[in-house]
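# Structure at a glance
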Amino acid sequence: MPAFSSLKRDEIISDMQEEPFDLLIIGGGITGAGIALDAASRGIKTALVDMQDFAAGTSSRSTKLVHGGLRYLKQLEVKLIAEVGREREIVYENGPHVTTPEWMMLPFYEGGTFGPFTTNVGLRVYDLLAGVKREERRKMLSPEEALKKEPLLKPEGLKGAGYYVEYKTDDARLTLEVLKKAAEFGACALNYAKLTQFLYNDGRAEGAVIEDQITGQCFHVYARKIVNAAGPWVDTIRLKDQSRRGKHLHITKGVHLVFDQNRFPLKQAVYFDTPDGRMVFAIPREGKTYVGTTDTSYTGNLAAPRATEEDRYYLLQAIDSIFPELKIQADDVESTWAGLRPLIYEEGKNPSEISRKDELFTSDSGLMSIAGGKLTGYRKMAEEVVDLVARELQKEMGQTFPKSRTRYLPISGGEAGGSQGFERYKQRKIKEGLRAGLDEKTSRELVERYGTNVDLIFQYVQEDGGNENQWKLDLAVYAMLCYAVEHEMAYTPADFFIRRTGALYFHIDWVQEHKEKVAAYLAHRHGWTEEQREGYSAELNQFVKEARMDVASEM
């Protein structure tokens, strides 16, 4: 099984150069990760590269919901609702530690987009299309019932609410768990590995020149098929292939604001109308409340989208329109994030009207590019791409591959017998955490984050304290950090604090508290020079500034 450790980068690079792969995937977000798992689990020899960390683009900056797309009822995208609605359940059952059900309230007001009749009918149609389980089907609430569940709602003009289930996730960790499972099946994956050019034979793309972004070393990777799953960079990759013709991307930006629960004590997730007729989520999570998202066209640096004062003002106005008693101010924002949506351009449509459907383009060189799509539909999208890859490999090589098996395949950390099995597993492992010297809250958080991989975390906790004391790291931080480096390919402080823990968004003070010791540990494990350590620490500090909007005035 190929390594999935940042300490094994040289070994992975060596493996990538040994012999041609059946499939090379460009992009390590959820789309690329899903394709890697589907392909590798069928026996297709697979490699994947990403120029940044895995999930560093869109796949760590979403609304963090595996949701059925209720808003697509407005656009009558029936097939999309039916497909992604059913996929929610599959994603949940295959990784119940990283995706969990969340009851969502849809309040309706006098003069608003939704009313009692349209909400009831809409949610009923949604239940039917999305194949919603009986116990999770929609309920209708009176104004009094709605206010009891969420007292912060504006009571004036409230006509009632719909009540239905969405699924909450950690998008970056979902991506990592899918990639780790792909590695178990033999996929060879490398972060900080940038495609600089394609290699051709008689006009057909047969490989790529990859530059290691850490050492500057370049190496060749050969593959019979190449899939471009680079998200917002799909068109950039197509340009390298000289095949950016016809349909192209329309990049839009979505911003989220995070508040401490002491300032925004939301009890209940709410999906609500904004003054301009859009829909926004407010969701309680880990002692915080986050609100989003915006949807605006974006033409800036694809690697560094930021929340602007205008974005913040828009969301604060939206909050004030439905939670007026809070009197939320800009100073109350604790953290932010901005993500990009790689949508397929549609003439004359504004960002919120553009379809979230995915499309696959194949160029004259054979390069396949997958664009559009949603987090929720990643597995099905991957299945369709790999079906095409498998057909072409069969045609060209005479080799047959089995059908997709990912519908019933638990991702890494999800091997606990589905959602019901995971509940029993969780209770048992929390007790083990207590015996290892952790408190109940920390034990629960670790089991819920790492699922059935938590045994490795507990092993690090129980190790001789010598290493832990060397960096004076908190025991749980030490265990998570060891695991992130040795089993999740974390290389920089930003990898750990953003994609491996989500702390930059939901526990930004915790980042500040531990960042120096974490940098010292990573420098030791990776043999960094002082200049490298300073550079990676400065990178994290910049991300902290951007999350706090301390750099808003520079934009």
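Read on for an overview of the structure. (Residues numbered from 1 in each chain as written. Predicted model: local features only at pLDDT ≥ 70, side-chain atom pairs only at ≥ 80, totals over all residues. Heavy atoms only, no water.)

### Focus: the pairing of strand 3 (residues 99-109)
- Of all the eleven residues making up strand 3, eight are buried; the element is thus mostly covered by neighbouring parts of the structure.
- Bridge count for strand 3 against strand 5 (residues 158-169) is eleven bridges, and the pairing is antiparallel. Paired with proline 101 across the two strands is tyrosine 167, which belongs to strand 5.
- Across two bridges, the pairing between strand 3 and strand 11 (residues 269-273) is parallel. From the neighbouring strand, methionine 105 faces strand 11, where its bridge partner is valine 270. (Buried < 20%, exposed > 50% of the residue type's maximum accessible area, 1.4 Å probe, protein only. Helix = DSSP H or I, 4+ residues; strand = E, 2+ residues; numbered from the N terminus. Pairing = 2+ DSSP bridges.)

### Topic: the pattern of salt bridges
- Using the criterion set out here, one finds 40 salt bridges in the structure.
- Residue arginine 9 is joined to aspartate 212 by a salt bridge in which the shortest nitrogen-to-oxygen separation is 3.1 Å. Here aspartate 212 lies in strand 8 (residues 204-212) and arginine 9 lies in helix 1 (residues 9-18), a separation of 203 residues in the sequence.
- Judged by relative accessible area, which is 6%, arginine 9 ranks as buried.
- Notably, a salt bridge pairs lysine 225 with glutamate 396, separated by 2.6 Å at the nearest N-O pair. Taken as a pair, lysine 225 in strand 9 (residues 218-228) and glutamate 396 in helix 9 (residues 378-397) lie far apart in primary sequence, 171 residues in all.
- A network of salt bridges, in which partner residues are shared, links Asp53, Asp495, Arg499 and Arg500. (Salt bridge = Lys/Arg side-chain N within 4 Å of Asp/Glu carboxyl O.)

### Notes on the nonpolar core
- One finds Met16, Leu24, Ile35, Leu174 and Val227 to be the most contacted residues of the largest nonpolar core, which totals 69 residues.
- Among the elements that take part in this core, helix 9 stands out by supplying nine residues, more than any other.
- Sequence-distant contacts of leucine 24, that is, excluding residues within four places in its chain, are made with Ala47, Val49, Ala208, Val221, Ala223, Lys225, Ile226 and Val227.
- In this structure, Ala436, Leu446, Val518 and Leu540 belong to the second largest nonpolar core, which totals 66 residues. (Core = buried A, V, L, I, M, F, W, Y, C linked by side-chain atoms within 4.5 Å. Contact = heavy atoms within 4.5 Å.)

### Description of the environment of lysine 133
- Here lysine 133 is to be found in the loop between helix 4 (116-130) and strand 4 (139-141).
- Taking the C-alpha atoms as reference, lysine 133 lies 8.9 Å from glutamate 89; in sequence the two are 44 residues apart.

### Considerations on helix 18 (residues 530-548)
- Over its 19 residues, helix 18 runs 27 Å from end to end, which matches the ideal 27 Å to within 8%, given 1.5 Å per residue.
- The complete set of buried residues in helix 18 reads Tyr536, Ser537, Leu540, Val544, Glu546 and Ala547.
- Against the buried residues of helix 18 lie strand 15 (335-344), helix 15 (493-500), helix 16 (503-506) and helix 17 (508-526).
- Residue methionine 549 follows helix 18 closely and has a positive phi angle near 65°. (Expected span 1.5 Å × (residues − 1).)

### Points about the packing of aromatic side chains
- Throughout the structure, instances matching the rule amount to 22 aromatic pairs.
- Aromatic side chains phenylalanine 272 and phenylalanine 323 sit 5.8 Å apart centroid to centroid with 80° between the ring planes, which places their arrangement in the edge-to-face category. With phenylalanine 272 in strand 11 and phenylalanine 323 in the loop between helix 8 (309-322) and strand 15, the pair connects residues that are 51 residues apart, well separated along the chain.
- On the basis of relative accessibility, which here comes to 0%, the residue phenylalanine 272 falls in the buried class.
- Judged by its relative accessible area of 0%, phenylalanine 323 is buried.
- With centroids separated by 5.0 Å and ring planes inclined at 75°, the aromatic side chains of tryptophan 471 and tyrosine 521 adopt a geometry described as edge-to-face. Residue tryptophan 471 is found in helix 13 (residues 465-471), and its partner tyrosine 521 is found in helix 17; the two are separated by 50 residues along the sequence. The two residues tryptophan 471 and tyrosine 521 agree in class, both being buried.
- Within the aromatic cluster, the residues linked to one another by ring pairs are Phe259, Phe264, Phe272 and Phe323.
- Stacked on the ring of phenylalanine 21, the Lys or Arg lysine 45 has its end atom at 5.0 Å from the ring centre. (Phe/Tyr/Trp six-rings, centres within 6.5 Å; stacked < 30°, edge-to-face > 60°. Lys NZ or Arg CZ within 6 Å of the ring centre and 35° of its normal.)

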